[in-house]
Amino acid sequence: MEGVMIILSDLLFDYTMRTVALGSAILGLVSGALGTYAVLRKQSLLGDAMAHAALPGVVLAFIIFRSRAPFVLMMGAIISGWLGTLLIINIIKLTRVKEDSALGLILSVFFGFGLMLLTYIQRIPDARQAGLDRFLFGQAAALLQSDILTMAYVGGAALIIMVVFWKEFKLLSFDREFGASLGFSMQGLDILLTTLIVIAIVIGLQTVGVVLMSAMVVAPATAARQWTNRMHIMVILSAIFGALAGIIGTVISGLGPRIPTGPTIVLSISIIVLISLLLAPNRGLTWRWIKNIRNKNKIELETVLLDLYTLATKHDKPTHGHSINVLDTMHTGTHGTLNTLKELQKQDLVEHQEKDIWSLTQGGWQKAQDLAKERGKTS
Amino acid sequence: MTMLQFEIQLIAATTAIACSLVGVFLVLRRIAMASDAISHTVVLGIVIAFFLVRDLNSPLLIISAAATGVVTFVFVELLTKTELVKEDAAIGLVFPALFSIAVILISRYATGVHLDIDSVLLGELAFAPFSRFSLFGVDIGPNALVVMSIITVINLVFIILLYKELKLSTFDAGLAATLGFMPGILHYALISLVSITAVGAFEAVGSILVVALMIGPPATAYLLTDRLPTMLGLSAILGVVSAVSGYWVAHLLDSSIAGSMATMVGVLFLVTFLFAPNRGVIALIRRRKRQKWDFAKKMLVIHLLNHEGKPDYAYESRVDHMHEEMSWKPEFARQVVNRAVNSKWIDRKNGRVDLTEKGRQIAHQTMES
């Protein structure tokens, strides 16, 4: 408890901690919101390729401008991430190489090229201190205020554009043909949205790193998807989940020595996904499981009730009793009907007359008659 | 070339062959991204086994790593089966999570040991020849070379023994299932092979180059051939070429060997992408252009045929009128006429054109078809 208090006070007052948490939150927020589109458009793995493809851009930007200003490196990353995406799209369009191969190829080749450049510039004086290798795995602890500001400006701009083009992007994601028929340039929108997703990824590279950044695009949106069917709620939830994972990851990695922030953030968001998959209402697995059992029970009860009804109609009075053995024989389930009868008894639909003779009550007769009519109508 | 350099290239080349052999099937079965996922998650298997036995050379590491590779895909399948997550998203969720656990474990508990994230990701091919393998006191060669040779042989034997089954389930999974070939089992067998190959390879070249070598050469070969055996052979050759040329580029620039090899994989693909005889972009553009001219020429001869022997023929067959009649741009119309004359479909006389016998035939054929 005391530890948690210290962390919380650090979060508020410790400069490094605050900066890192803020940076991680921004990254989660932006990639969460824009990742929604990537997931809905089934481009989850494209994020992975984009992140890897950004690496050579970072190094080239450094080589050309001899600067490690966050904005310069970010621009390099955006351009080369975007170039990689463009290549992937064209490889798929122009050759028979399929999407998965194009993704893997560009991902590994761009990353390899970036690595080659990275090792090459190690010979340039003062490049060693450039700290470019933190783009590989991310190094949240090294975030500076200038990094945060750049992330906030660029990410904020991306989010504003997303809001401005809200309707158009929705059309693009759900009904491209319809959008085109309305006169929107779907290709132009496609390029814009792709650029925004690249930006979202690039923002996180310094913190989470090239290798794991794709998770920050896919996971928040996947978690959000479980809770809602509505686009705007999904985007907001996804952004919240992303930011939350960013902060939680930062806090946990602050708890002990040598807990890398990037992987901890990714693990945090993975757990949020797991919880969402299990617990979300309607879609969640637990929910589905309970619904299944309920349905099964309901069918079981109704079947036995109707069996009793069928038997009773053969006699002069509705409450004529019947042996449980007869019911067992009529019943198609694997286990006996005793438990079901007891359940029906609780609902006052059947009566236990003697030993193993059971009969309908008046209410049971009424209910069974209604059921029989209903079934007669539907079947 | 020193012995050391030779050995490095030999290790790289063997790795390239092992990777591209299984890679062919990944590319053809459209599960190329499996190599990306597996090459990351096997790290977790290695870490776990390492904590158990505290020995980086234990064969248990390879087994455990291969098992994690398979487990990755079991997870992906389970997630996809809930129908809450699409398959691509499932892959994108599972492998970063598993890899994150591995990275945290390594940096928390394994610092100082020869197991750091950089070498896992980037490989240390330059140092690979220093760890030797000896049998009964006789030095046989670098450890990595022995491991990769064994894996290459395993991959080869697997492909040769199950060639028919692999081919059928790759190109027609439905038929394979009907015939009782159990594509599911074959799928997991392939995933296991990819995992084993990834483990063996990334110790030498790092996980990213594993992806490059598994996907790049097969994707390149896919643009050059339609036959599976040719594709296998070509992939292996392309892999070796990337490996060896990559090594020398790295030597020249004093840069990362793995990175340079991946770059060469990309260069080979780019060259093929542009210049491949039938499927290259340039061949594609040429074909489209030729089709465009061909179509225009055919339109021209059909037009002439329609008016042949009619009163307006003298007017309709004038060259300077042609662009209006066909609603072409004047320059384009002039070129079409020139091309048609060159292919002897028409004759030009006094500013007019007439069909040749060949042109008339083509016009008839085109209208009939």
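A quick note: this is a predicted structure, and the numbers were derived from the prediction, not measured.

**Some words on the overall build of chain A**
Okay, so step 1: Secondary structure summary: chain A contains 17 helices and three strands in total.
Okay, so step 2: In terms of C-alpha radius of gyration, chain A reaches 30 Å, well past the compact-globule figure of 21 Å for 379 residues.
Okay, so step 3: Along the longest, intermediate and shortest principal axes, the C-alpha atoms of chain A span 105 × 60 × 35 Å.
Okay, so step 4: The averaged location of the 25 negative side-chain charges in chain A is 7 Å from the averaged location of its 32 positive side-chain charges.

**A closer look at the interface of chain A and chain B**
Okay, so step 1: On the chain B side, the residues contacting the 54 residues of chain A number 60 residues.
Okay, so step 2: When chain A packs against chain B, close to 4900 Å² is buried across both sides, 73% of that on carbon and sulfur atoms.
Okay, so step 3: If you look at where chain A meets chain B, you find one salt bridge.
Okay, so step 4: Its salt-bridge partner being R96 of chain A, residue D226 of chain B comes within 2.8 Å of it at the nearest N-O pair.
Okay, so step 5: If you look at where chain A meets chain B, you find 15 residue pairs in polar contact (both at pLDDT 80 or more).
Okay, so step 6: Those elements that place two or more of their residues in the side of chain A that touches chain B are α3 (44-65), α4 (70-94), α5 (99-121), α6 (134-137), α11 (213-227), α13 (261-279) and α14 (285-313) of chain A.

**So, the domain arrangement of chain A**
Okay, so step 1: Looking at the assigned domains, one finds that chain A contains domain 1 (2-280) and domain 2 (287-373).
Okay, so step 2: Distance between the C-alpha centres of domain 1 of chain A and domain 2 of chain A: 58 Å.

**Overview of the packing of helix α2 (residues 15-40) of chain A against helix α10 (residues 186-208) of chain A**
All names here are of chain A.
Okay, so step 1: At a minimum axis separation of 9 Å, α2 and α10 run at an interaxial angle of 150°. Comparing their axes, α10 and α2 come out roughly antiparallel. Considering how the two elements wind past one another, α2 and α10 form a crossing that is left-handed. Facing S24, L27, V30, S31, L34, Y37 and A38 of α2, the residues of α10 in contact are L193, L196, I197, A200, I203, G204, T207 and V208.
Okay, so step 2: Across the contact of α2 with α10, the residue classes tally to eleven nonpolar, four polar and no charged.

**As for the domain arrangement of chain B**
Think of interface size as the accessible area that goes away when the parts come together; that is how it is often given.
Okay, so step 1: As far as domains go, chain B holds domain 1 (3-279) and domain 2 (284-368).
Okay, so step 2: For domain 1 of chain B versus domain 2 of chain B, the separation of C-alpha centres amounts to 57 Å.

**Topic: a positive patch on the surface**
Okay, so step 1: Taken together, K93 of chain A together with R287, R288 and R290 of chain B make up a surface patch of like positive charges.
Okay, so step 2: The dominant element in the positive patch, judged by the number of residues it contributes, is helix α13 (residues 281-307) of chain B, at three residues.
Okay, so step 3: Considering the arrangement of structural elements, one finds R287 of chain B in helix α13.
Okay, so step 4: Classification of R287 of chain B as partly exposed rests on a relative accessible area of 30%.

**Considerations on the packing of aromatic side chains**
Residues and elements named next belong to chain B.
Okay, so step 1: Considering all chains together, one arrives at nine aromatic pairs over all chains under this definition.
Okay, so step 2: For the ring pair W293 and F332, a centre distance of 5.0 Å and an interplane angle of 20° mean the geometry is stacked. Of this pair, W293 sits in helix α13 while F332 sits in helix α16 (residues 330-342), and the two are 39 residues apart along the sequence.
Okay, so step 3: With centroids separated by 5.4 Å and ring planes inclined at 85°, the aromatic side chains of W328 and F332 adopt a geometry described as edge-to-face.

**So, unusual backbone geometry**
Okay, so step 1: Notably, D348 of chain A is not glycine yet its phi reads approximately 65°, a positive angle.
Okay, so step 2: In this fold, D348 of chain A is placed in the loop between α16 (338-346) and β2 (350-354).
Okay, so step 3: Of note, the phi angle at E83 of chain B is positive, near 65°, even though the residue is not glycine.
Okay, so step 4: Considering the arrangement of structural elements, one finds E83 of chain B in the loop between α3 (59-81) and α4 (87-109).

**A closer look at the pairing of strand β4 (residues 352-355) of chain B**
All names here are of chain B.
Okay, so step 1: Of the two faces of β4, the one lined by V353 and L355 is fully buried and the one lined by R352 and D354 carries no buried residue.
Okay, so step 2: Bridging between strand β3 (residues 346-349) and β4 involves four bridges; their strand directions are antiparallel. Along β4, the bridge assignment pairs R348 with V353.
Okay, so step 3: Between β3 and the antiparallel strand that follows it, β4, lie two residues; N350 among them carries a positive phi value of about 50°.

**What about the side chain of E7 of chain B?**
Residues and elements named next belong to chain B.
Okay, so step 1: Considering the arrangement of structural elements, one finds E7 in helix α1 (residues 3-28).
Okay, so step 2: E7 gets classed as buried once you look at its relative accessible area, which sits at 9%.
Okay, so step 3: With residues near it in sequence (within four places) discarded, E7 still touches P129, R132 and P142.

**Structural notes on α1 of chain B**
All names here are of chain B.
Okay, so step 1: With 26 residues, α1 ought to run about 38 Å at 1.5 Å a step, and its terminal C-alpha atoms sit 38 Å apart, in line with that.
Okay, so step 2: A bend of about 30° at V22 is the largest found in α1.
Okay, so step 3: The buried fraction of α1 is high, at 21 of 26 residues.

**Considering a nonpolar patch on the surface**
All names here are of chain A.
Okay, so step 1: There is a patch of nonpolar side chains on the surface, built from W227, I271, L274, I275, L278 and L279 and spanning about 570 Å² of accessible area.
Okay, so step 2: Along the chain, W227 falls in helix α11.
Okay, so step 3: We classify W227 as partly exposed; its relative accessible area is 35%.

**Points about helix α6 (residues 143-161) of chain B**
All names here are of chain B.
Okay, so step 1: Here α6 spans 27 Å end to end across 19 residues, near enough to the 27 Å set by a 1.5 Å rise per residue.
Okay, so step 2: Taken together, the buried positions of α6 are A144, L145, V146, M148, I151, T152, N155, F158 and I159.
Okay, so step 3: On its buried side, α6 packs onto α1, β1 (132-135), β2 (138-142), α7 (163-171), α9 (183-205) and α11 (228-253).

**Quick notes on the environment of T15 of chain B**
Residue and element names in this part refer to chain B.
Okay, so step 1: Mapped onto the fold, T15 is located in helix α1.
Okay, so step 2: Here T15 falls in the buried class, since its relative accessible area comes to 0%.
Okay, so step 3: Ignoring sequence-local partners within four residues, the contact set of T15 consists of M148, A201, V205 and L213.

**Thoughts on the environment of A243 of chain A**
Residue and element names in this part refer to chain A.
Okay, so step 1: Relative to the helices and strands, A243 resides in helix α12 (residues 231-255).
Okay, so step 2: Judged by relative accessible area, which is 13%, A243 ranks as buried.
Okay, so step 3: Taking C-alpha positions, A243 is 29 Å from I106, a pair spaced 137 residues apart along the chain.
Okay, so step 4: The residues touching A243, leaving out its near neighbours within four places in the chain, are A25, G28 and L29.

So, how was this worked out
Residues numbered from 1 in each chain as written. Chains lettered and ligands numbered in written order. Predicted model: local features only at pLDDT ≥ 70, side-chain atom pairs only at ≥ 80, totals over all residues. Heavy atoms only, no water. Helix = DSSP H or I, 4+ residues; strand = E, 2+ residues; numbered from the N terminus. Rg over C-alpha atoms; globule rule 2.2 N^0.38 Å. Lys, Arg positive; Asp, Glu negative; His and termini not counted. Charge placed at Lys NZ, Arg CZ, Asp CG, Glu CD. Contact = heavy atoms within 4.5 Å. Buried area = accessible area lost by both parts, 1.4 Å probe. Salt bridge = Lys/Arg side-chain N within 4 Å of Asp/Glu carboxyl O. Polar contact = N/O pair within 3.5 Å; in protein donor to acceptor, adjacent residues only side chain to side chain. Domains from an automatic or database assignment. Axes fitted to C-alpha atoms, helices over the stretch in contact; angles between N-to-C directions. Parallel < 35°, antiparallel > 145°, perpendicular 65-115°, else oblique. Left-handed = near helix turned anticlockwise from the far one by under 90°. Nonpolar A, V, L, I, M, F, W, Y, C, P; charged D, E, K, R; others polar. Patch = residues over 30% accessible without salt bridge, like charges linked within 9 Å, V, L, I, M, F, W, Y side chains within 5 Å. Areas by Shrake-Rupley, 256 points an atom, 1.4 Å probe, with all protein chains shown as cover. Buried < 20%, exposed > 50% of the residue type's maximum accessible area, 1.4 Å probe, protein only. Phe/Tyr/Trp six-rings, centres within 6.5 Å; stacked < 30°, edge-to-face > 60°. Pairing = 2+ DSSP bridges. Expected span 1.5 Å × (residues − 1). Bend = angle between axes of the 7 residues up to and from the residue.

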